[in-house]
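# Coordinates in review
What follows is the residue order along each chain.
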Amino acid sequence: MNENIVEGTGRDIGGSLKQAAGDVLGRNDLKAEGSADKLGGKTQKAAGHAQAAVEELAGPVVDFVRRQPLLSLGIAGVLGYLLLSGGRRN
């Protein structure tokens, strides 16, 4: 689990506690601050999950490139050529 997921969860929980305290104390400013903290925590958690997914997908690619650098370079060259040529046939 990455750092953003852990921190985001903490912010989300802390925001919920602030919201509850604002309710009990009748302080709308504290409720609003808690709501903002919860939203920030949820956003940070989502970013952490997205980052983890990218790292999970990229890991095997990085391993392949480290094991087969010349083949990787060749594949990248062919893909680059195809992208630049637009797949046109002359």
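Here goes a summary of the coordinates provided. (Residues numbered from 1 in each chain as written. Predicted model: local features only at pLDDT ≥ 70, side-chain atom pairs only at ≥ 80, totals over all residues. Heavy atoms only, no water.)

### As for the overall build of the chain
- Each helix and strand counted, the chain has three helices and zero strands in total.
- Reading the chain from its N end, one meets helices and strands in the order α-α-α.
- Taking 90 residues into account, the globule formula puts the C-alpha radius of gyration at 12 Å, and the chain, at 23 Å, lies well above it.
- The dimensions of the chain, computed from C-alpha atoms along their principal axes, are 75 × 30 × 10 Å.
- Counting across all 90 residues of the chain, residues that qualify as buried make up 16%.
- When contacts within the chain are restricted to residue pairs at least 6 apart in sequence, long-range pairs at least 24 apart make up 53% of them. (Helix = DSSP H or I, 4+ residues; strand = E, 2+ residues; numbered from the N terminus. Rg over C-alpha atoms; globule rule 2.2 N^0.38 Å. Buried < 20%, exposed > 50% of the residue type's maximum accessible area, 1.4 Å probe, protein only. Contact = heavy atoms within 4.5 Å.)

### Looking at the side chain of Asp 12
- You can see Asp 12 is positioned in helix α1 (residues 3-25).
- Side-chain polar atoms of Asp 12 contact the side chain of Lys 42, separated by 3.4 Å.
- Beyond its immediate sequence surroundings of up to four residues, Asp 12 is in contact with Asp 37, Lys 38, Gly 41, Lys 42 and Lys 45. (Polar contact = N/O pair within 3.5 Å; in protein donor to acceptor, adjacent residues only side chain to side chain.)

### Details of the pattern of salt bridges
- Following the criterion strictly, the structure yields six salt bridges and no others.
- Salt-bridge contacts for Glu 33 lead to Lys 18; the nearest nitrogen and oxygen are separated by 2.6 Å. Of this pair, Glu 33 sits in helix α2 (residues 28-67) while Lys 18 sits in helix α1, placing them 15 residues apart in sequence.
- Its relative accessible area of 40% is what places Glu 33 among the partly exposed residues.
- For Lys 18, a relative accessible area of 26% translates into the label partly exposed.
- Between Asp 23 and Lys 31 there is a salt bridge; the shortest N-O distance is 3.0 Å.
- Classification of Asp 23 by relative accessible area gives exposed; the value is 52%.
- The exposure class assigned to Lys 31 is partly exposed, which follows from its relative accessible area of 30%.
- Look at the salt bridges and you will find they share partners, linking Asp 12, Lys 42 and Lys 45 into a network. (Salt bridge = Lys/Arg side-chain N within 4 Å of Asp/Glu carboxyl O.)

### Description of a nonpolar patch on the surface
- On the surface, Leu 71, Ile 75, Val 78, Leu 79, Tyr 81 and Leu 82 cluster together to form a nonpolar patch covering roughly 600 Å² of accessible area.
- Within the secondary structure, Leu 79 sits in helix α3 (residues 69-85). (Patch = residues over 30% accessible without salt bridge, like charges linked within 9 Å, V, L, I, M, F, W, Y side chains within 5 Å. Areas by Shrake-Rupley, 256 points an atom, 1.4 Å probe, with all protein chains shown as cover.)

### A closer look at α2
- Under the 1.5 Å per step criterion, the end-to-end length of α2 is 58 Å for 40 residues, consistent within 8% with the ideal 58 Å.
- The largest bend along α2 measures about 30 degrees and falls at Ala 58, with the proline Pro 60 one to four residues further on.
- Turning to α2, its buried residues are Leu 30, Gly 34, Gly 40, Gly 41, Gln 44 and Gly 48.
- Summarising the contacts, the buried residues of α2 are in contact with α1. (Expected span 1.5 Å × (residues − 1). Bend = angle between axes of the 7 residues up to and from the residue.)

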